[in-house]
Amino acid sequence: MPDQSRITLKCVKCGKVYPWSFSVQCADCNNALIDIDYDLSKARIGREGPMMERYFDFLPLTRREFMIDGGEGNTPCVHSRELGKALGFSNLYSKMETANPTRTTKDRQGTMAVAALRDLGISRFITSSTGNSCTSLARIVSRFPDMHMSIFVGDEFLKRVNWVDAPNVDVYWLKNGTFVEAHQAARWWSNKTGDSSERGFFFFGKREALKIAYMEAVEQVPKPIEYYVQGISSAMGVYSTWKASYQMKEIGLVERIPGMICVQEETCNPMVRGWERGQEQMSPEDVIRYPRGLSKSTLRGDPSMVFTYVRHAVADSGGTMLTASQDDMREMKKLAMDTEGMDICHTAAMTLAGIRTLLKQGWLKPDAVLLLNMTGADRVGAAHAMPKFVVERDEVDEWRVTPFEGGSVEGALDRVERVLVESQKLPGDVELDTETWLLGKGLALDSVALLEFSLALEKEFEFEVTEEELNYENFRTVGSVADLFRSKMADHALKRNG
Ligand SMILES: Cc1ncc(COP(=O)(O)O)c(C=O)c1O
Ligand SMILES: [Zn+2]
């Protein structure tokens, strides 16, 4: 029997209580968040065992039989003395979420979301992601043959879907599309098929698991945690951690609510822009329409639906939001490795860039007790899933879905990179990213080299590059060139069909 007595689903705006169901937004309140509260009067944290068992009393499940042990959680939390010294901090603690099975904190989310969906009786769902969350979800879904998951992924992100050969996980590949378009196509497919979308931030099953990293750390850090620092996308981790700190306070395990410090990258910082504006809502001007960045897991350009909730949590906690520069992120990723042998992704490196800036500004003191969530590491060289379907623009029905017939999985970005290496005779092992600058800094191509590159691109893609298009905006970085050709291909597909 489901036991709903300890869980309340409640609209944060009007307070309307919903029964245990996949209700995530309040229909009466313009889709306000339906949050989850727990009766903690009998709550306790288990001393050992899998994450979901230890923290069952704090997680959204009505029946123990739906608990899943995916081997996630119980990650180390280390006092990073050398790294701290290099940055000027004496109490820097790193929660090593990289120790999770697929190397990111999203593994907590993978198990929790699947367990909650099963408890709710939902067996089919659709997701889109830049790699981490869908890899974590696919890993758990593959254990349950009665479930089915469809992943929509933009061209360059296929290689970040690192769960392979699951018969009940289908990958829909936008071979010439960005992850923003993958998100749009996923929504379209959900409307068409009736399969649920997993709803990201709004789904308590996804949100609630992330707080457990902090809850574990409360017992691992020998001093009261003063600040929680995270690289954010929609800031599910921060929001649920903030809630968790009140839950820990309620059961007497913490006295103070840590300040929530959120860091975003300079090329994709919509939340920070909203924060600096100082209002309840983000302005449309804060939205980043075509985000790119080194931090692949935080490329959400439009978090306006969730901004209010996150802003409230950060403000209530006495925290802040700030931007990290790409140069700093590169430097911090290396510093973490050089000082502590810590292998982290650029998203996690943003936390270090953020605290260094806050120390310089005098916002943080050198002896502040900081918990940095090292949310992930790159899965370098891991095998990736193959597409089951290819999704392309279509004039008649928005998108066209066709079976993947095998062959190359080179996306638009890969092709641009290959042409760049060949036309400029770059060494085969050169590290290229969407963020590699072609002009000014980075590769610093001169006008002759640029012309050669554009001619080679014309040949590869069979599109002309006009004189006006050969400008600084289009050719600034590898990623901007890929976007130029994606848009050319989309225009062409629309004309052809229309
Ligand atoms: C490694 C990593 N760090 C941070 C984040 C951002 O998490 P949040 O949803 O809390 O903004 C993600 C999201 O996918 C991630 O994969
Ligand atoms: Zn409501």
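Since this is a predicted model, take the numbers as computed values, not measurements.

(A) Just empty space enclosed by the protein, in detail. Scanning the entire structure with this criterion turns up one cavity of 30 Å³ or more. The space that makes up the largest cavity amounts to roughly 120 Å³. Along the walls of the largest cavity sit 15 residues, with Glu156, Phe179, Pro291, Arg292 and Asp483 positioned nearest its centre. Sorting elements by how many residues they give to the lining of the largest cavity places helix 15 (residues 478-497) first, with four residues. Residues of the lining of the largest cavity, tallied by class, amount to eight nonpolar, three polar and four charged.

(B) Structural context of the layout of surface pockets. Its boundaries defined by the atoms lining it, the second largest pocket holds a volume of some 1,100 Å³. Mapped by element, the contributors of at least two residues to the lining of the second largest pocket are helix 11 (326-340), helix 12 (346-360) and helix 13 (412-423). In terms of residue class, the lining of the second largest pocket is made up of eight nonpolar, nine polar and 13 charged.

(C) Region of the structure containing the packing of aromatic side chains. Counted according to the given criterion, the structure contains 17 aromatic pairs. Arranged with centres 4.5 Å apart and planes meeting at 25°, the rings of phenylalanine 461 and phenylalanine 485 form a pair that is stacked. Linking phenylalanine 461 in helix 14 (residues 447-461) with phenylalanine 485 in helix 15, this pair joins segments that are 24 residues apart in sequence. This pair shows no difference in class: phenylalanine 461 is buried, exactly as phenylalanine 485 is. When the ring centre of phenylalanine 56 is taken as origin, the NZ or CZ atom of arginine 64, which lies over that ring, is 4.1 Å away. The cationic tip of lysine 441 hangs over the ring face of tryptophan 437; the distance from NZ or CZ to the ring centre is 4.7 Å.

(D) Region of the structure containing the coordination of the zinc ion (ligand 2). Donor atoms from the polypeptide that coordinate the zinc ion (ligand 2) comprise Cys11 (SG), Cys14 (SG), Cys26 (SG) and Cys29 (SG), at 2.3 to 2.4 Å from the metal. Metal-centred angles of 101 to 115° between the four donor atoms at the zinc ion (ligand 2) mark the site as tetrahedral. Read from N- to C-terminus, the donor residues coordinating the zinc ion (ligand 2) fall into the pattern C-x2-C-x11-C-x2-C. Here cysteine 29 lies in the loop between strand 3 (25-26) and strand 4 (32-38) and cysteine 11 lies in strand 1 (residues 7-11), a separation of 18 residues in the sequence.

(E) Structural view of the environment of glutamate 331. On the secondary structure map, glutamate 331 appears in helix 11. Residues glutamate 331 and leucine 352 lie 21 residues apart in sequence; the distance between their C-alpha atoms is 9.6 Å.

(F) Quick peek at the site of ligand 1. The environment of ligand 1 is formed by 14 residues, the closest being Asn132, Ser233, Ala235, Gly237 and Thr375. Serine 233 is positioned such that a nitrogen or oxygen atom in its backbone is 2.6 Å from an oxygen atom of ligand 1. When ligand 1 is considered free in solution it has 400 Å² of accessible area, and contact with the protein chains removes 95% of it. Counting only elements with at least two residues in the shell around ligand 1, the list comes to strand 11 (227-231) and helix 8 (236-250).

(G) Seen up close, the nonpolar core. Met149, Ile151, Tyr214 and Leu371 are the most contacted members of the largest nonpolar core, which totals 99 residues. When near neighbours in sequence (up to four residues on either side) are disregarded, isoleucine 151 contacts Thr127, Cys134, Ala138, Val161, Val169, Asp170, Val171 and Tyr172. One finds Leu87, Ala324, Ile355 and Leu358 within the second-largest nonpolar core, a separate group that totals 30 residues.

(H) Local environment of the environment of glycine 442. Relative to the assigned elements, glycine 442 resides in the loop between helix 13 and helix 14. Residues glycine 442 and arginine 108 lie 334 residues apart in sequence; the distance between their C-alpha atoms is 37 Å.

(I) Structural context of the pairing of strand 12 (residues 259-265). Strand 12 sits mainly inside the fold: seven of its seven residues count as buried. Alternating residues of strand 12 divide into Gly259, Ile261, Val263 and Glu265 and Met260, Cys262 and Gln264, and every residue in both groups is buried. With five bridges connecting them, strand 11 and strand 12 associate as parallel partners. Along strand 12, the bridge assignment pairs tyrosine 228 with methionine 260. As for the winding sense of the linkage, the β-α-β connection from strand 11 through helix 8 to strand 12 is right-handed. With five bridges joining them, strand 12 and strand 13 (residues 320-324) adopt parallel strand pairing.

Conventions adopted
- Residues numbered from 1 in each chain as written.
- Chains lettered and ligands numbered in written order.
- Predicted model: local features only at pLDDT ≥ 70, side-chain atom pairs only at ≥ 80, totals over all residues.
- Heavy atoms only, no water.
- 1 Å grid on protein atoms, 1.4 Å probe; cavity = no way out; pocket = protein on both sides within 12 Å on 5 of 7 lines; lining within 4 Å.
- Points joined across faces, edges and corners; volume = space filled by probe spheres on them.
- Helix = DSSP H or I, 4+ residues; strand = E, 2+ residues; numbered from the N terminus.
- Nonpolar A, V, L, I, M, F, W, Y, C, P; charged D, E, K, R; others polar.
- Phe/Tyr/Trp six-rings, centres within 6.5 Å; stacked < 30°, edge-to-face > 60°.
- Buried < 20%, exposed > 50% of the residue type's maximum accessible area, 1.4 Å probe, protein only.
- Lys NZ or Arg CZ within 6 Å of the ring centre and 35° of its normal.
- Donors = N, O, S within 2.8 Å, 3.2 Å for Na, K, Ca; no water.
- Tetrahedral: all angles 85-135°; square planar, octahedral: opposite > 155°, others 65-115°.
- Near = heavy atom within 4 Å.
- Polar contact = N/O pair within 3.5 Å; in protein donor to acceptor, adjacent residues only side chain to side chain.
- Areas by Shrake-Rupley, 256 points an atom, 1.4 Å probe, with all protein chains shown as cover.
- Core = buried A, V, L, I, M, F, W, Y, C linked by side-chain atoms within 4.5 Å.
- Contact = heavy atoms within 4.5 Å.
- Pairing = 2+ DSSP bridges.
- Right-handed = clockwise from strand over helix to strand, strands pointing away.

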